Every structure is written in structure tokens, then in C-alpha cells.
Amino acid sequence: GKKRTDDDLAFPSRTRTRHDTSLAPRHQPPMENGGDAKWRFGAANPAVQASGRQSLRALVTRVFDCVDRSDLRPVAPLGHGDPSAFACFRTAAAAEEAVSAAVLSGKHNRYSSAGGVPDARSAVAAYLSRELPYELSTGDVFLTAGCNHAIEIMMAVLASPGANVLVPRPGYPMYEARAALCGLEFRRFDLLPEKEWEVDLDGVEALADENTVAMVIVNPNNPCGCVYSYDHLAKIAETARKLGIMVISDEVYDHCAFGSKPFVPMGVLGEIAPVVTIGGISKRWMVPGWRLGWIAATDPKGVLRDKNVLQSIMSYCAISVDAVTFVQGALPQILANTDKAFFEKAMEVMREAAEICYRKVEGIECITCPHKPEGSMFVMVKLDLSCLDGIADDVDFCTKVAREESVVICPGSGLGMKNWLRITFAVDPGLLEDGMERVKSFCQRHGKAKELK
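Quantities reported herein were computed from a predicted structural model and do not represent experimental measurements. (Residues numbered from 1 in each chain as written. Predicted model: local features only at pLDDT ≥ 70, side-chain atom pairs only at ≥ 80, totals over all residues. Heavy atoms only, no water.)

A look at the pairing of strand β8 (residues 275-280)
Point 1. Most of β8 sits inside the fold, with six of its six residues counted as buried.
Point 2. Burial of the side chains of β8 extends over both faces: Val 275, Thr 277 and Gly 279 are buried on one face and Val 276, Ile 278 and Gly 280 on the other. (Buried < 20%, exposed > 50% of the residue type's maximum accessible area, 1.4 Å probe, protein only. Helix = DSSP H or I, 4+ residues; strand = E, 2+ residues; numbered from the N terminus.)

Okay, here's the thing in C-alpha cells:
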């Protein structure tokens, strides 16, 4: 007969004849009592359910789904911070050219090293060191697939049995979602609207116990739009030192400051208490879709290294996803070649947008803003339900505004602040102005009639 080839041995089905039934599926006996198979999967994971309840994206999507698709007006997306959709916030030409060159070079198609490509990690260390009183090394920096990935890593690394972390309210719910997913307890401390959203440090001390390992701050702040002063950051560092905990400083909005206070990195106070800095290029360069973030140990005394935190971060990186390699390959050029004019222009547009937002809010009777935004892309405003008829709460307000006015706003409930709203002003100024006018019209239409005296 015909001799079998190596291919026949590798693919035995090629040698079967139409009469060969050795590989045909065998008849399966019927289930007992004629019933269906008893599938053993499908039980819900309580940790996934708990983390899902913290999802801001899901909440904003539900609001967006309420928009009337027959409304010919453009949707005003004031619910999430992605300015990249608007021409006035296009990223720097130097960044686009760097990514294009990295792709075309053919040198960045391979897998990344765990923790990131060394040249890119060194570039981030140099970038952050410009504003620190000490130098960071390549080993102090870990590249991540965006800042949300950095949050995931830090919450997982800190999730030792019984541990807890302190997170701000209002805050960015990804910290709570990731903590819940890995079984790490989180406790909320308040930001104080009457004090420009500063941290309630007395509240921090009251919440902490012997199992507290870290506190989270966001500066410039999402969702409040505040920028913390050096003096306030120093008080935070002293509090962390007193409690024996690290500070996780989320600085993804670094330098997105356009008010009276300059941005100050928490790492300048790393001598007082160990600081883990989370950052990236998504906000300052307006490229959230490029998914490039970092974790940096801004800890000149080496406490984090001595406590094996850096080793744990690297261990997690070794079993996790990596930042896209061609973006990593472009990163040294992005950081080195983007000129100051780009940042200055972007902040000028952001300042103008913040002014429009604040001015429009001031003209809406049922909404108050405790503090004019000075940074990030957001502002928190308080909803006065006593002025409105037929509005149950902040979620009801947002869904009805979406349905009637095609304006999407984030309910404060998703940030731990019921009957507050988070508004982003990182949209085209003309659309922002129009959107806020629609919100005003909605409030006037649903406002309670004033009693005549």
C-alpha cells in the first residue's frame, strides 16, 4: 500500500478512508431519566459582582443608553474624560511621529520584558526625576497598560490577608473595584468641599488601624478638579508616616493645572513617607487609547524595596499584560521631543473650557459648585432636589437629561456622592457651552413653581 509521509503522521485524519470509523464520535448513552446534562459552571463569582458595582463605565453607559436617538442635536458627552475625540485636544505631532516611526522601524514587534522595555522605563525615570530632589533609576519604574492596569497591580500587591486601604470619597471608583476583586478591604475618607476638596486628615486617622497599609490620593483631582498645595501634601505625608502606611499618589493628570496652584508631585515628600506614584501619558498627551501608564517608587529611603513591594510588583507584571511594545518604543521620543507650546496650548483650551463650565453652572439655580475647577478635566457640583419637580435623585436627573436633552453627565452616586454630579469640561468649548445651556433648559422646565408672596 501507499507509504505514510511525515505529514500523514502529523495529521492522521488525512489517511482515513470513507469506511474508516475509528475516529467517528461514539454514541453517548442517554442521561439518567432522560434529563439534560448537568452543567457545573455558571455560578456567579461574588468578587466580580462586588467589583462590578463600583464600575463607573457601566453607570455612564447606562446613562448614555437613555439618549433619544431621534434627537438631531449632537450628544454632549460630559460624563467621561476623553478629550481625544475633539480636534482642539489633538495630541502633539511629536507623539504621533514617534509612534509612527516606532511601528515602521520593525524593532518593536516582539514581546515586552516584564515591567516594560528598559529604555522606556529609563525615560520615565528621567522624566519624573526632573521635578524630584533625587534621581529615580530604571528599577524604580514599571510600565503598565494604562493607569487602570497600574491600579490593578497595586491593589493586588497590597491584598495580604486582613489588610485594608484608605480611598477618597468622592474618588475614582477603579480603586474600590480592584480592591473588591482581590479581597482587599477599602475604607473611604472624605474630601472636604468647603476646604477646596482637601483630604480630611482627622478622618484618615480615625479610619486607620493596625491593618491599614496605604492611602490613595488623586492630584490633580478627578472628580473634584482641585489641585493640592505643597503644604497640604506635606500634611498628608506626615499623617502617612505617623500611621506607618504608604501613599499611592495618582498623578495621571500631572500638570493638568490651570489655576492659582501649580502641580506638585507627591514624590518630593518621599523622604517623609514612601510614595508610589501612578501616572501615564493618557491625559497630558490626550491619548487614553494608547494605554501607556506607569508605577514609580518615589521613595528615596528605599522602604518599598526593603519591604519587598517592588519585588511583588515585578512578580505581578510577570503574569500580567504588558503595555503595547511600539508605544513603549516611542516613549523616550514622546517624553523628550514634545515641546512646551503643545502643553501650554492644551492648558489654555482647558482653562477656557473650565471657565465656561463654571460660569454656566453658576447660572443654573438647582446646581451649585463649591469650588471653581483648577485642574484635571472635571468638576463636582451639588444637585438641589428641592428646586426640581419629579426628580428622585442624581441618577434620575442624569437619565432624564440624557433622554430629553442628549447631554450625558455622570451621577455622583457612582463616586460615593449621592445627589452630586460630575461634569467633564474636556470637550470642544462650543459643544460644552451648548450642552450646559441644555442642562439649564432642563432645570427650568422641571423647576418647581415659586410661590407668590
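Text resumes after the structure shown.
Details of the UniProt feature "domain: Aminotransferase class I/classII large" (unreviewed entry) in the chain
Point 1. In the numbering used here, UniProt assigns the "domain: Aminotransferase class I/classII large" (unreviewed entry) feature to residues 77-438.
Point 2. With 38% helix and 18% strand, the stretch residues 77-438 has end C-alpha atoms that lie 12 Å from each other. (UniProt positions renumbered as here; feature names shortened; annotations may be inferred.)

Here's the deal with the pairing of strand β2 (residues 141-144)
Point 1. Residues of β2 alternate between two faces, with Val 141 and Leu 143 on one and Phe 142 and Thr 144 on the opposite face, all of them buried.
Point 2. Of the strand pairs in this sheet, β2 and strand β9 (residues 293-298) are connected by four bridges, and their pairing is antiparallel. By the bridge assignment for β9, Leu 143 is matched with Trp 294. (Pairing = 2+ DSSP bridges.)

A short note on helix α7 (residues 174-181)
Point 1. Among the residues making up α7, those that are buried are Tyr 175, Glu 176, Ala 177, Ala 179 and Ala 180.
Point 2. The positive-phi residue at the C-terminal boundary of α7 is Gly 183, with phi of around 75°.

Quick notes on the packing of aromatic side chains
Point 1. A complete count under the given rule lists 10 aromatic pairs for this structure.
Point 2. On the numbers, 6.0 Å between centres and 70° between planes, the contact of Tyr 127 with Trp 294 is edge-to-face. Here Tyr 127 is found in helix α5 (residues 118-129), whereas its partner Trp 294 is found in strand β9, with 167 residues between them in sequence. Like Tyr 127, the residue Trp 294 is buried in the burial classification.
Point 3. Connected via pairs of aromatic rings, a cluster forms that spans Tyr 127, Trp 285, Trp 294, Phe 342 and Phe 343.
Point 4. Just above the ring of Phe 142 sits the side chain of Arg 121; from NZ or CZ to the centre is 5.4 Å.
Point 5. Its guanidinium or amino end placed over the ring of Phe 343, Arg 284 lies 3.8 Å from that ring's centre, counting from NZ or CZ. (Phe/Tyr/Trp six-rings, centres within 6.5 Å; stacked < 30°, edge-to-face > 60°. Lys NZ or Arg CZ within 6 Å of the ring centre and 35° of its normal.)

Quick look at the sheet that holds strand β5 (residues 198-199)
Point 1. Strand order across the open sheet formed by eight strands is β2-β9-β8-β7-β6-β3-β4-β5, with mixed pairing between neighbours. What marks the edges here is a single partner per strand, and that holds for β2 and β5.
Point 2. With five bridges connecting them, strand β6 (residues 212-218) and strand β7 (residues 246-250) associate as parallel partners. Counted as the bridge partner of Met 215 is Val 247 from β7.

A look at the nonpolar core
Point 1. Ile 248 and Phe 397 are the most contacted members of the largest nonpolar core, which has 141 residues in total.
Point 2. For this core, the element with the highest residue contribution is helix α13 (residues 340-362), accounting for 11 residues.
Point 3. In this structure, this core is formed jointly by two domains, domain 1 (49-87 + 340-446) and domain 2 (93-337), each of which donates at least three residues.
Point 4. With near-sequence residues (within four places) excluded, Phe 397 lies in contact with Ile 367, Leu 383, Leu 388, Ile 391, Leu 421, Val 439, Phe 442 and Cys 443. (Core = buried A, V, L, I, M, F, W, Y, C linked by side-chain atoms within 4.5 Å. Domains from an automatic or database assignment. Contact = heavy atoms within 4.5 Å.)

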